[in-house]
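Take a look at the letters that make up each chain.
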Amino acid sequence: MAWMFRWFWYFVFYSLCGFGCEVLFSRLTGGRRDRKGMLLLPLCPVYGLGACAILLLPPVVRTHPAALFFLGGLAAAGVEYLMAVFYEEGLGVQFWDYSDLPWNIQGRVCIPFTLIWGLMALTLVRWLHPLVQGFVWYVPAPLSLCALAAVGADLAVSSWMMRFTGGRDCLRWYSVRNRS
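Residues numbered from 1 in each chain as written. Predicted model: local features only at pLDDT ≥ 70, side-chain atom pairs only at ≥ 80, totals over all residues. Heavy atoms only, no water.

**Observations concerning the pattern of salt bridges**
Reasoning step 1: Enumeration according to the criterion identifies two salt bridges in this entry.
Reasoning step 2: Here R108 and E88 are joined by a salt bridge, their closest N and O atoms 2.7 Å apart. Remark: E88 occurs in helix α4 (residues 65-91) and R108 occurs in the loop between β1 (104-105) and β2 (109-110); sequence separation between them is 20 residues.
Reasoning step 3: By relative accessible area, R108 is classed as buried at 11%.
Reasoning step 4: What makes E88 partly exposed here is its relative accessible area of 22%. (Salt bridge = Lys/Arg side-chain N within 4 Å of Asp/Glu carboxyl O. Helix = DSSP H or I, 4+ residues; strand = E, 2+ residues; numbered from the N terminus. Buried < 20%, exposed > 50% of the residue type's maximum accessible area, 1.4 Å probe, protein only.)

In structure tokens:
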């Protein structure tokens with residue numbers, strides 16, 4: 001059971017980091033201020049699952065930077081593609097569209113962001129995960145159960161709302177002011 005809680009916390013932490021990346025990217029590029037998958041919690045599940053896919057690569061891949069960059073980027077892009085399919089086909093929403101970027105596959109993944117995933121894989125495995133791994137060992141099981149229930153409930157409610165409304169505006173809990 002302890003190993004499941006550790007992977008749950010990896011997912012949560014890297015989903016939170018992904019949320020931060022999305023907010024920063026939006027601010028730097030003047031992009032849309034919208035949520036990327038959760039109603040209340042500041043989590044982007046595609047980042048959490050992408051990070052977990054990278055961490056599940058064999059040790060021989062994780063210890064060779066070039067292999068980690070290439071296969072980590074591909075693993076995370078594979079997760080990104082599958083998440084896009086799930087969002088579009090399962091929930092009826094689209095969070096991203098890379099159709100205008102070079103070398104894209106159905107607008108769901110593209111080479112430029114796959115390369116970014118590769119860089120993130122290097123950062124994750126070499127620097128970030130060793131720190132995160134140390135903290136996760138000390139999270140008590142009761143706290144993990146409560147957090148699991150909260151994340152599960154938010155995922156269920158968010159998924160239901162997107163499926164019911166057919167859009168992602170239902171995830172917006174803040175007001176957008178007109179800046180004239």
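Now, onward.
**Regarding the packing of helix α2 (residues 45-55) against α4**
Reasoning step 1: Remark: α2 packs on α4, axes separated minimally by 8 Å, with the N-to-C direction vectors making an angle of 140°. Here α2 lies oblique to α4, going by the angle between them. Crossing of α2 against α4: the hand is right-handed. Only L68, G72, A75, A76, V79, E80, M83 and Y87 of α4 make contact with α2, whose side of the interface consists of P45, V46, L49, G50, A53 and I54. (Axes fitted to C-alpha atoms, helices over the stretch in contact; angles between N-to-C directions. Parallel < 35°, antiparallel > 145°, perpendicular 65-115°, else oblique. Left-handed = near helix turned anticlockwise from the far one by under 90°. Contact = heavy atoms within 4.5 Å.)

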